[in-house]
Amino acid sequence: MEKTFVIIKPDGVKRHLIGQILHEYERNGLEIADMKMIHADVDTVKAHYAEHVEKPFFQELVDYLTSGPIVILVLQGEDAVARVRALNGATNPEEAGVNTIRALYAVSLSENTVHASDSLESAEREIGIWFN
Ligand code: CMP
């Protein structure tokens, strides 16, 4: 049994997609172990995206994630990390597979509706940052 960390980003919340996104995870056998709607603060988002600090889009990423309410959740299930990544689809919605969450809902690379941990180590780290 694995746990992974997910963010429903401001574009997902704003466009009333929380229910549909949660339904997609739940109907695929993932269990919601923890969940909260919050307005993220800058320091938490910077800690979360620390690996991108040198990237040209870092400031845009931080500004975006703090621009409105988000939903943070912990999903659990067998192979949860890989399965949630597969359900989300590629980071760039133009490259996301048919019927993935990002193919269906994402607006752009930055407004790509959801984030999910890319490994078990990242999941542990991210859950620790957001649910401390
Ligand atoms: P996420 O899975 O949350 O992890 C890092 C985020 O950075 C990614 O989704 C994208 O939303 C964002 N991102 C990646 N590349 C770019 C880019 N070139 N321009 C803007 N945002 C980006």
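Rules behind the numbers
Residues numbered from 1 in each chain as written. Predicted model: local features only at pLDDT ≥ 70, side-chain atom pairs only at ≥ 80, totals over all residues. Heavy atoms only, no water. Helix = DSSP H or I, 4+ residues; strand = E, 2+ residues; numbered from the N terminus. Polar contact = N/O pair within 3.5 Å; in protein donor to acceptor, adjacent residues only side chain to side chain. Near = heavy atom within 4 Å. Areas by Shrake-Rupley, 256 points an atom, 1.4 Å probe, with all protein chains shown as cover. 1 Å grid on protein atoms, 1.4 Å probe; cavity = no way out; pocket = protein on both sides within 12 Å on 5 of 7 lines; lining within 4 Å. Sits in = over half its atoms within 2 Å of the grid points. Nonpolar A, V, L, I, M, F, W, Y, C, P; charged D, E, K, R; others polar. Pairing = 2+ DSSP bridges. Axes fitted to C-alpha atoms, helices over the stretch in contact; angles between N-to-C directions. Contact = heavy atoms within 4.5 Å. Points joined across faces, edges and corners; volume = space filled by probe spheres on them. Buried < 20%, exposed > 50% of the residue type's maximum accessible area, 1.4 Å probe, protein only. Arc of directions from axis to C-beta. Phe/Tyr/Trp six-rings, centres within 6.5 Å; stacked < 30°, edge-to-face > 60°.

1. Here we look at the side chain of N112
Next, step 1: Following the sequence through the fold, N112 ends up in the loop between α6 (101-105) and β4 (114-116).
Next, step 2: At 2.7 Å, the side chain of N112 forms a polar contact with the side chain of K9.

2. Some words on the site of the ligand
Next, step 1: If you check the shell around the ligand, you find K9, Y49, H52, F57, E60, L61, T91, R102, L109, S110, N112 and H115 and nothing else.
Next, step 2: A distance of 2.5 Å is found between an oxygen atom of the ligand and a side-chain nitrogen or oxygen belonging to Y49.
Next, step 3: Separating an oxygen atom of the ligand from a side-chain N or O atom of N112 is a distance of 3.2 Å.
Next, step 4: Surface burial for the ligand is 81%, taken as the share of its 460 Å² of free accessible area covered by protein chains.
Next, step 5: Counting atoms within 2 Å of the grid points, the majority share of the ligand lands in the largest pocket.
Next, step 6: In terms of residue class, the shell around the ligand is made up of four nonpolar, five polar and three charged.

3. So, the sheet that holds strand β1 (residues 2-8)
Next, step 1: Across the sheet, four strands lie side by side as β2-β3-β1-β4; this open sheet has antiparallel pairing. What marks the edges here is a single partner per strand, and that holds for β2 (31-38) and β4. Averaged over neighbouring strand pairs, the angle between their axes works out to 20° when direction is ignored.
Next, step 2: Here β1 pairs with strand β3 (residues 70-77) via seven bridges, running antiparallel. Opposite T4, over in β3, you have L75 as the bridge partner.
Next, step 3: Relative to the sheet, helix α7 (residues 120-130) contacts β1, β2, β3 and β4, its axis offset from that of β1 by approximately 60°.

4. With respect to the layout of surface pockets
Next, step 1: If you add up the space inside the largest pocket, you get close to 440 Å³.
Next, step 2: Along the wall of the largest pocket there are 17 residues; nearest its centre are Y49, H52, F57, T91 and N112.
Next, step 3: When residues of the lining of the largest pocket are traced back to their parent elements, those giving at least two are α4 (58-65) and β4.
Next, step 4: Of the residues contributing to the lining of the largest pocket, the split by class is five nonpolar, five polar and seven charged.

5. Points about α7
Next, step 1: Residues of α7 that are buried: S122, A123, E126, I127 and W130. Here the buried residues of α7 occupy an arc of 130° about the axis, which is enough to place them on one side. Opposite the buried face of α7, by more than 90 degrees, sit the exposed residues E121 and E124.

6. Here's the deal with helix α2 (residues 18-27)
Along an α-helix, a turn takes 3.6 residues, which lines up residues three or four apart on a common side.
Next, step 1: Among the residues of α2, I21, L22, E24 and Y25 are the ones counted as buried. Relative to the axis of α2, the buried residues are bounded by an arc of 155° and lie together on one face.
Next, step 2: In the stretch just after α2, G29 is the one whose phi turns positive, near 85°.

7. Let's talk about the packing of aromatic side chains
Next, step 1: Throughout the structure, instances matching the rule amount to two aromatic pairs.
Next, step 2: Measuring from centroid to centroid gives 5.8 Å for F5 and W130, while their planes differ by 15°, and the two rings are stacked. One end of the pair, F5, is in strand β1; the other, W130, is in helix α7, with 125 residues separating them in the sequence.
Next, step 3: By relative accessible area, F5 is classed as buried at 0%.
Next, step 4: Taken together through their ring pairs, the aromatic side chains of F5, W130 and F131 make up a single cluster.

Everything listed here is a matter of geometry and, on its own, says nothing about what the molecule does.
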